[in-house]
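# Examining the three-dimensional arrangement
Each chain is listed here by its residues.
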Amino acid sequence: MNHTEQTFTALGGQFVTPVDTLTEKLRAVKAIVFDWDGVFNDGVKTGSGSSSFSEVDSMGTNLLRFGFWLHHRDQLPVVAIITGVINELADALVRREHFHACYSQAKHKVDVLKHLLDQYGLQPHEVAFFFDDALDLSVAEVAGVRVMVRRRANPLLTDYVVRNGLVDYLTGSESGQWAVREGCEMLLGLLGQFDTVMNERLRYKPVYDRYYAQRQAVEPSYWTVGPDGPVQK
């Protein structure tokens, strides 16, 4: 058992896919896709219908992007949120962090994933997907790397996902407990980039600031998914 596997197993995480196999799949990843509700938060809505995110998770996404940028030699990974509802704070995170896209009202998410990947010439096996619930399973079926956010309240769903080969790693942290950060650090550990990411972030120049300039140049796109597919806002 390597250090990353030992660390995250001790945290309560479960490697459904053997670590060596998962690491090999991870090396091909060029896009990171997140669900929103139940992944960045516990799924509880405000009166306006929005749901929040944590700066701890946000930092995790940035560190993971930097790690893939290093892994692919100065090539930014494509990053997107695909959510089943409209959420102002999801749009806000995408805008601030310069993700590539946010898709709202996505009911059959695998079709939306295809729309995203077609724009960047990527394939489903090049996607790392963070998810938590039934609406996400069509993407989990095709994505290369699947991280499911654990929730004790849905044991039958979790069992179904594991039995049907729809997940590679189950987080030890539950919804609303910084599970995105856990998944991001775990992937960085398997990729062999965590220490490099932290060292370069500490130094800032000249490597991290070059990554950051590229990240900030990304102009996000926002899409609402209707009966005829995604329509740009």
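Residues numbered from 1 in each chain as written. Predicted model: local features only at pLDDT ≥ 70, side-chain atom pairs only at ≥ 80, totals over all residues. Heavy atoms only, no water.

When its secondary structure is counted, the protein chain shows 10 helices and nine strands. Expressed as lengths along the three principal axes of its C-alpha atoms, the size of the protein chain is roughly 45 × 40 × 35 Å. When the accessible surface of the protein chain is split by element, carbon and sulfur atoms take 52% of a total near 10400 Å². (Helix = DSSP H or I, 4+ residues; strand = E, 2+ residues; numbered from the N terminus. Areas by Shrake-Rupley, 256 points an atom, 1.4 Å probe, with all protein chains shown as cover.)

Here the focus is the pattern of salt bridges. The final tally for this structure, using the stated rule, is 19 salt bridges. Where Arg27 meets Glu24, a salt bridge forms, and the shortest distance between an N and an O atom there is 2.7 Å. By relative accessible area, which is 43% here, Arg27 ends up partly exposed. One salt bridge connects Arg96 with Glu97, and the closest N-O pair in it is separated by 2.9 Å. Since its relative accessible area comes to 37%, Arg96 is described here as partly exposed. For Glu97, a relative accessible area of 8% translates into the label buried. (Salt bridge = Lys/Arg side-chain N within 4 Å of Asp/Glu carboxyl O. Buried < 20%, exposed > 50% of the residue type's maximum accessible area, 1.4 Å probe, protein only.)

Okay, the sheet that holds strand 9 (residues 229-232) next. With mixed pairing, nine strands are arranged side by side in an open sheet as 1-7-6-5-2-3-4-8-9. Because the sheet does not close on itself, it has two edges, and the strands there are strand 1 (14-15) and strand 9. Summarising the sheet, strand 3 (residues 78-82) and strand 4 (residues 101-104) pair through three bridges and their orientation is parallel. Its bridge partner being in strand 4, Ala80 is matched across the sheet by Ala101. Against the sheet, helix 5 (residues 109-120) contacts strand 2 (31-34), strand 3, strand 4, strand 5 (127-131), strand 8 (221-226) and strand 9, and its axis sits at roughly 155° relative to strand 3. (Pairing = 2+ DSSP bridges. Contact = heavy atoms within 4.5 Å. Axes fitted to C-alpha atoms, helices over the stretch in contact; angles between N-to-C directions.)

Time to look at the nonpolar core. A general trend in soluble globular proteins is that nonpolar side chains are found buried together. If you look at the biggest cluster of nonpolar residues, it comprises 45 residues, and the most contacted ones within it are Phe34, Ile81 and Phe130. With eight residues, the single largest contributor to this core is helix 8 (residues 179-191). If we skip the residues at most four places from it in the chain, Ile81 touches Phe34, Trp36, Ala90, Leu93, Val94, Phe99, Ala101, Cys102 and Tyr103. Core analysis: the next-biggest nonpolar cluster, separate from the first, contains 28 residues, Val78, Ile82, Tyr103 and Ala143 among them. (Core = buried A, V, L, I, M, F, W, Y, C linked by side-chain atoms within 4.5 Å.)

On to the environment of Glu97, then. Inspection of the secondary structure assignment puts Glu97 in helix 4 (residues 88-97). Linking Glu97 and Ser58, residues 39 residues apart in sequence, is a C-alpha distance of 8.1 Å. Once you skip the residues sitting within four places of it in the chain, Glu97 turns out to touch Ser58, Asn62, Arg65 and Arg215. At 2.9 Å, the side chain of Glu97 forms a polar contact with the side chain of Arg96. Of note is the side chain of Glu97, whose polar atom sits 2.9 Å from the side chain of Arg215. (Polar contact = N/O pair within 3.5 Å; in protein donor to acceptor, adjacent residues only side chain to side chain.)

What follows covers helix 5. In a regular helix each residue adds 1.5 Å, so 12 residues correspond to 16 Å; helix 5 covers 17 Å between its end C-alpha atoms and thus fits that length. Against the buried residues of helix 5 lie strand 2, strand 3, strand 4, strand 5, helix 6 (137-140) and strand 8. Looking one or two residues past helix 5, Gly121 carries a phi angle of roughly 65°, positive in sign. (Expected span 1.5 Å × (residues − 1).)

Quick look at unusual backbone geometry now. For the bond running from Lys205 to Pro206, omega is 5°, close enough to zero to count as cis. Positive phi, close to 75°, is recorded for Asp74, a residue that is not glycine. Within the chain, His98 stands out as a residue other than glycine whose phi angle is a positive 55°.

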